[in-house]
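# Structure at a glance
So the chains spell out like this:
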Amino acid sequence: MKKFLAAAAILAAVPAIASAQETAPDGTDAFGVEPYVGVLGGYHTFDRGSEFGTIPGETIMNGALISGIAGVNVPLGPVFVGVEGNATKGFSDIDWEYGVKGRFGARAGESGLIYASAGYQWVNGKGGWPDRKDWMYGAGVEVGPKEIGLGGITGNSGVRLRVQVDTYDLDSFRPMAGVIFHF
């Protein structure tokens, strides 16, 4: 019960702390809704012992990926929470991947983000690989225009570069990188 009360007190204090800061480090509102879309590219490789099993002549399931994403962040002063969906075309052993995940993290610098994520991912195999669904976990960084010397070109929100690493039920390694367009 004490842990529950402590957690409730912390959650109750977050809006008060965040409201003390009227603007975020990048000059945008400290509270609101920040929608975004993006395109990422990367590679997904699964462990030999993953739930996808093995196919004779194949060692592991893997393939290059190109992913379209859309999401929304809700800033709470220096921190944020959000939700994001993806539709991903795979190559080699992966046909398609779809997913949705929640994100939480902190704002870094004037327009960057550092975050962790968790959600659910559907993976469609091809060439004899099965279709599966399971939990996806990850972490990432977004670097805004001011951190890379482009502050006057894109404005406060604008374009951010993202690098992230995800894992499908701790059975895979999925590094991705791309461009995010915040509105």
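Just above sits the structure.
This report concerns the structure included in the present document. For clarity, every value in this text was computed on a predicted model and none was experimentally measured.

### Observations concerning the packing of aromatic side chains
Enumeration over the complete set of coordinates arrives at four aromatic pairs. Centroid distance W96 to Y98: 6.1 Å. Interplanar angle 10 degrees. Geometry classified as stacked. A ring pair is formed by Y120 and W135, whose centres lie 5.2 Å apart and whose planes are at 90 degrees; its orientation type is edge-to-face. One end of the pair, Y120, is in strand β5 (residues 112-125); the other, W135, is in strand β6 (residues 132-143), with 15 residues separating them in the sequence. In this structure W135 comes out as partly exposed when scored by relative accessible area, which is 44%. Joined through ring pairs, the aromatic side chains of Y120, W122 and W135 make up one cluster. R103 extends its terminal NZ or CZ atom over the ring of Y115, reaching a point 4.3 Å from the ring centre.

### Some words on the nonpolar core
Ranked by internal contacts, the top residues of the largest apolar core, which has 14 residues, are F46, F52, M61, I94, V123 and Y168. Those elements that provide at least two residues to this core are β1 (34-46), β2 (62-76) and β8 (172-182). Ranked by the residues each element gives to this core, the list is headed by β1, at three residues. Every residue in contact with F46, bar those within four places of it in the chain, is listed here: F52, I60, M61, I94, V123, Y168, D171 and S172.

### A word on the sheet that holds β2
Strand order around the closed barrel formed by eight strands is β1-β2-β3-β4-β5-β6-β7-β8, with antiparallel pairing between neighbours. Taken over all neighbouring pairs, the strand axes of this sheet differ in orientation by 25 degrees on average, direction set aside. Here β2 runs beside strand β3 (residues 79-90); their pairing, made up of twelve bridges, is antiparallel. Within β3, the position partnered with I69 by the bridge is N86.

### Examining empty space enclosed by the protein
Scanning all chains against the criterion turns up two cavities of 30 Å³ or more. As a volume, the second largest cavity reaches approximately 40 Å³. Sorting the residues of the lining of the second largest cavity by element identifies β2, β3 and β8 as the ones contributing at least two each. Each residue belonging to the lining of the second largest cavity can be placed in one class, and the counts come to three nonpolar, three polar and three charged.

What counts as what
- Residues numbered from 1 in each chain as written.
- Predicted model: local features only at pLDDT ≥ 70, side-chain atom pairs only at ≥ 80, totals over all residues.
- Heavy atoms only, no water.
- Phe/Tyr/Trp six-rings, centres within 6.5 Å; stacked < 30°, edge-to-face > 60°.
- Helix = DSSP H or I, 4+ residues; strand = E, 2+ residues; numbered from the N terminus.
- Buried < 20%, exposed > 50% of the residue type's maximum accessible area, 1.4 Å probe, protein only.
- Lys NZ or Arg CZ within 6 Å of the ring centre and 35° of its normal.
- Core = buried A, V, L, I, M, F, W, Y, C linked by side-chain atoms within 4.5 Å.
- Contact = heavy atoms within 4.5 Å.
- Pairing = 2+ DSSP bridges.
- Axes fitted to C-alpha atoms, helices over the stretch in contact; angles between N-to-C directions.
- 1 Å grid on protein atoms, 1.4 Å probe; cavity = no way out; pocket = protein on both sides within 12 Å on 5 of 7 lines; lining within 4 Å.
- Points joined across faces, edges and corners; volume = space filled by probe spheres on them.
- Nonpolar A, V, L, I, M, F, W, Y, C, P; charged D, E, K, R; others polar.

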